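# Tertiary structure, described
Given next are the chains, with one letter for each unit.
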Amino acid sequence: MGYEFIEGNEAVARGAMRANCNFFASYPITPASSILHYMNEFVPEAGGLVIQGEDEIASMGFCIGAAMAGRKVLTSTSGPGLSLYSENIGLAIMGETPMVIVNVQRQGPATGSATEGADGDIQFMRWVTSGGLPIIALAPATVEEAYKLTYIAFNFSEKYRTPVFIVSHKELGVTKESVDLDSVELPPMVNRKRIQSGATEYLPHYFEKLEDVPAISDFGGEHVARYTTSTHDKAAYLTTKPEIIQEMIDHYTAKIESAIDDITMVKEDYEDGADTLVISYGITSRSAAVAVREARAKGKKISSLVLQTIWPVPEKAIKSAMERKKKVVVPEMNMGQYIMEIKRLAPRDVEVVGVLKMNTKLVSPQEIIEKGGLL
Amino acid sequence: MTETKYESYMTDKIGPLPFCAGCGHTTLIKALDKALVKLQLDPKEVVIVTDIGCIGLSDRYFLTNGFHGLHGRSITYACGLKLARPELTVITLMGDGAAGIGGTHFLNVARRNIGITLLIGNNFNYGMTGGQHSVTTPTGGKTSTTPWGNPEGPMDLCGTAAAAGAAWVYRATMFDNDLPDAIATAIQQPGFAMMDVWELCTAYYMPRNDLKRKELLELLKSYGYTVGLQADKPRPEYTVRYREAYEAGKSVLKKKKPIEPQFENSVKRQTGIIIAGSAGQKIKSAATSFAEGAMFAGLNATQKDDYPITVQTGHSVAEIVVSPERIDYTGIEAPDYFILISEDGLKRRRAMIEKLPETSTLYADESIELPATKAKIVRLPLAEAAKSIGKLSVAIAAFAAMLEDSGIFPIEAFNTAIRAFTSPKIAEASVSAVSAGAELTNKISKAR
């Protein structure tokens, strides 16, 4: 026990190690590179392996192969690298591959400002690959949450056999904070459900109900395993039958969407009689916390909802928080990405106001108060 | 001799191989089956990884594990499987198209010597997408995308692999009687083994270019190529080397001890401190020691740094926030304390310095010409002090001067952090710099 002074990227690495991550592949990119450095310190010591790929595509490929051979895998990148992850993320969804992807966002588009932050990839992470199937994305706001949510991301990836994003940010990844990681409470560890030993038949994508998560047999394990990028049946054999293709697509979707209550993590700070609500996530939620505190200190009744889960959208929590509100303020370090989800869910008589900017600078509490009209 | 258990590693469960009559892929796949029969490997210990292209249809005809991935990336999945479970036999099947799009993986697996077997069914064009030209299409070759003859030159896959450091490289044709034996030898290599197997594409390349067995063998000869082993340079496989390197070098890694608060502080609210100087002045590490000192005094702290990508040039700025409460917003619009130790720092943060309010204190080296500011100014002879304490300790001395003047937490907390997290030799120099820095403030106070 005791405090340490560490950056978000180290906390991500430590959270991964706490989840028994034993394989890491990544390509250097500012501001995510130090995750690669930390994992080199931690993973081989625990008996695992770290490899720096020749590019982002190779790094994802290594991770997918290793994950299907039974490893708990992590990879890290930033916006430009995420573009190169795109096709392989589709493969990971298709093959129901457990893996955690950390995106330490930076100012874009393109190379943008490598050493500056933004939340420019919020919708990109959701729609990152062809086909538009759901993924899970968790947005830590603090170094402590970077640790905790990375650990939980591994649980979700294992439980639902899916890629899970950690939505990090330059301002979190490479900012050091005083933190006591040993005091952080964590849920029990979840590992992928493996097929029973001695089972006579192994179907890599077997489910009875659409939302069931198939039990897995690792490559090199007791059963002959199959994996394919092509539309396939439960046995992972290519199929062109529309009814089977649709059933598999429905399965990938249902296993995430039916689990939304389990996946939803939000922080609610509500005041009775408040007619204004601030909805925020990630690094900007820290500015929102200050803005809400200051507005309350000046006698304003105001509620705050912070989303730790951003994909799938925690619709129930958002809708319930918007009840009896006149105004919802959504600060974001982009030109209005998550606000689209809020507007979609808002009752007609609720005004949804964005406090939006993407110029490398944090949205300040003052900007939220002024542009959001909190006072 | 072990008793032969497996007479074939193929299944007819989904019907016969799907390739066109006379296609070289059928020959290659059957030769691979014969090689596996020769080796009698446990099918559960074998993974056949296929790329995109006609040959990508083949994994499902085997009784072994099958992995069919994205175009050009089969080598990466194969490597991931092998790195995770080095005991597996991992065989990758790809065409010349995949060797092109996945060129970097082809080079890097050879260089790293990851122990997979790569079999390239090289038929000089893309069969699956309609006979377009590839990286191995001969100059002048007619394809759907080079209707007047290919203006490009072909890549020598074996030469490329060998140049990239491949441990074992072999050129073959679909007409070789010993193809199964050659494949078996490839699979037995502990390191990376690659075979370039020249084939006929009866659907596209063969009819367009009148390329039959005789012409294919003449083409090979016309390049000055030979069939057979092209490189044989065995060296330890990657996963073996990885563990060896780790075991040999692991002592360099050191662990940090946790911080237990043991000093008082006088900070009542969130307080912002910025230090601005030049690369090479150890700004970042001094700021970390300062923040850790604050933590030894029971404060929460954050730190972010601002420096150019070319780290050894230009400015270096660190922003520190300390607070008795949880720190939410880490931005600093109006720092309570600004420490300016070089012209580079001024250049980077001039606008902020000009806007400092009267509640701020600006500690600045006495040689720097300052812009107009409302902040209280404390001039420090840092450049002069650097002559005795060394220029690597200037930032530490400046922090000490600021601490002595502001009293936000004890100098001894700063020293405790320095001693806790830096090597004894550097710590000694830094602690001396702390004394020197504090002394600067005391001299100024006396002068006042």
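Definitions and limits used
- Residues numbered from 1 in each chain as written.
- Chains lettered and ligands numbered in written order.
- Predicted model: local features only at pLDDT ≥ 70, side-chain atom pairs only at ≥ 80, totals over all residues.
- Helix = DSSP H or I, 4+ residues; strand = E, 2+ residues; numbered from the N terminus.
- Rg over C-alpha atoms; globule rule 2.2 N^0.38 Å.
- Buried ≥ 20, exposed ≤ 12 C-beta atoms within 10 Å, placed from the backbone.
- Contact = placed C-beta atoms within 7 Å.
- Pairing = 2+ DSSP bridges.
- Right-handed = clockwise from strand over helix to strand, strands pointing away.
- Domains from an automatic or database assignment.
- Nonpolar A, V, L, I, M, F, W, Y, C, P; charged D, E, K, R; others polar.
- Core = buried A, V, L, I, M, F, W, Y, C linked by C-beta atoms within 7 Å.
- Axes fitted to C-alpha atoms, helices over the stretch in contact; angles between N-to-C directions.
- Expected span 1.5 Å × (residues − 1).
- Bend = angle between axes of the 7 residues up to and from the residue.

So, about the overall build of chain B. Helix and strand content of chain B: 15 helices and 15 strands. Against the 2.2 N^0.38 benchmark of 22 Å for 448 residues, chain B shows a C-alpha radius of gyration of 34 Å, more extended than a compact globule. Dimensions of chain B along its principal axes, counting C-alpha atoms only, are 100 × 55 × 40 Å. Taking all 448 residues of chain B together, 52% fall into the buried category. Counting only contacts in chain B whose residues sit at least 6 apart along the sequence, the fraction spanning at least 24 positions is 67%.

Residues and elements named next belong to chain A. Burial of strand β2 (residues 23–26) is two-sided: the residues F23 and A25 facing one way and the residues F24 and S26 facing the other way are all buried. Bridge count between β2 and strand β3 (residues 49–52): 4 bridges; the pairing is parallel. From the neighbouring strand, F24 faces β3, where its bridge partner is V50. Tracing the backbone out of β2, into helix α2 (residues 33–42) and back to the parallel element β3 gives a crossover that is right-handed. Of the strand pairs in this sheet, β2 and strand β4 (residues 73–77) are connected by 2 bridges, and their pairing is parallel. Paired with F24 across the bridge in β4 is L74.

So, about the domain arrangement of chain B. Domains assigned within chain B are domain 1 (24–245) and domain 2 (271–447). The centre of domain 1 of chain B, based on its C-alpha atoms, is set 60 Å off from the matching centre of domain 2 of chain B.

Interface size is commonly expressed as the accessible area that is lost once the parts come together. Residue-level contacts link 53 residues of chain A with 51 residues of chain B. Of all the elements in the fold, those that place two or more residues in the side of chain A that touches chain B are β1 (4–7), β3, α3 (56–68), α4 (79–94), β8 (176–179), β9 (226–228) and α10 (284–297) of chain A. The element contributing the most residues to the side of chain A that touches chain B is α3 of chain A, with 8 residues. Partitioning the side of chain A that touches chain B into residue classes produces 27 nonpolar, 14 polar and 12 charged.

Right, let's get into the nonpolar core. Judged by nonpolar contacts, the single largest core of 257 residues is most densely connected at I136 of chain A together with I339, A397, A398 and F399 of chain B. Those residues within four positions of I339 of chain B in sequence are excluded, and the remaining contacts are I274, I275, Y363, A398, F399 and M402 of chain B.

Take the sheet that holds strand β7 (residues 163–169) of chain A next. All names here are of chain A. Spatial strand order, β3-β2-β4-β5-β7-β6-β13: 7 strands in an open sheet with mixed pairing. Taken across any chain shown, the strands that pair with only one partner, and hence form the sheet edges, are β3 and β13 (309–311). Direction aside, the axes of adjacent strands within the sheet are offset by 20 degrees on average. In the packing of α4 onto the sheet, contacts are made with β4, β5 (99–105) and β7, and the angle to β5 comes to roughly 160 degrees.

What follows deals with helix α2 (residues 74–84) of chain B. In an α-helix, one full turn covers 3.6 residues, which means residues spaced three or four apart are oriented alike. For α2 of chain B, the buried fraction is high: 11 of the 11 residues fall into the buried class. Of all the residues in α2 of chain B, the buried ones are S74, I75, T76, Y77, A78, C79, G80, L81, K82, L83 and A84 of chain B.

Quick look at α4 of chain A now. All names here are of chain A. With 16 residues, α4 should cover 22 Å at 1.5 Å per step; its first-to-last C-alpha distance of 22 Å lies within 8% of that length. The axis of α4 is deflected most strongly, by about 50 degrees, at S86. Here α4 has its buried residues at G79, G81, L82, Y85, N88, I89, L91, A92, I93 and M94. Looking at the buried positions of α4, the neighbouring elements they touch are α3, β4, β5, α5 (122–126), β7 and α8 (242–257). Once α4 ends, the next one or two residues include E96, with phi positive near 55 degrees.

Residues and elements named next belong to chain A. Partitioning chain A into structural domains gives domain 1 (4–183) and domain 2 (268–371). With 23 residues of domain 1 in contact, the opposing surface of domain 2 contributes 21 residues. Elements with a minimum of two residues in the side of domain 1 that touches domain 2: α5, β6 (136–138), β7 and α7 (170–173). Ranked by the residues each element gives to the side of domain 1 that touches domain 2, the list is headed by α5, at 4 residues. Partitioning the side of domain 1 that touches domain 2 into residue classes produces 13 nonpolar, 6 polar and 4 charged.

All names here are of chain B. Structurally, E404 can be placed in helix α13 (residues 394–406). Classification of E404 by C-beta neighbours within 10 Å gives buried; the count is 21. Taking C-alpha positions, E404 is 9.2 Å from L440, a pair spaced 36 residues apart along the chain.

Residues and elements named next belong to chain A. The buried fraction of β5 is high, at 7 of 7 residues. Side-chain alternation along β5 places M99, I101, N103 and Q105 on one buried face and V100, V102 and V104 on a second face that is also buried. By the bridge criterion, 4 bridges tie β4 to β5 in an arrangement that is parallel. The residue bridging S76 from the neighbouring strand is V102, located in β5. Where β5 lies against β7, 7 bridges are found, and the strand directions are parallel. By the bridge assignment, V104 is partnered in β7 with S168.

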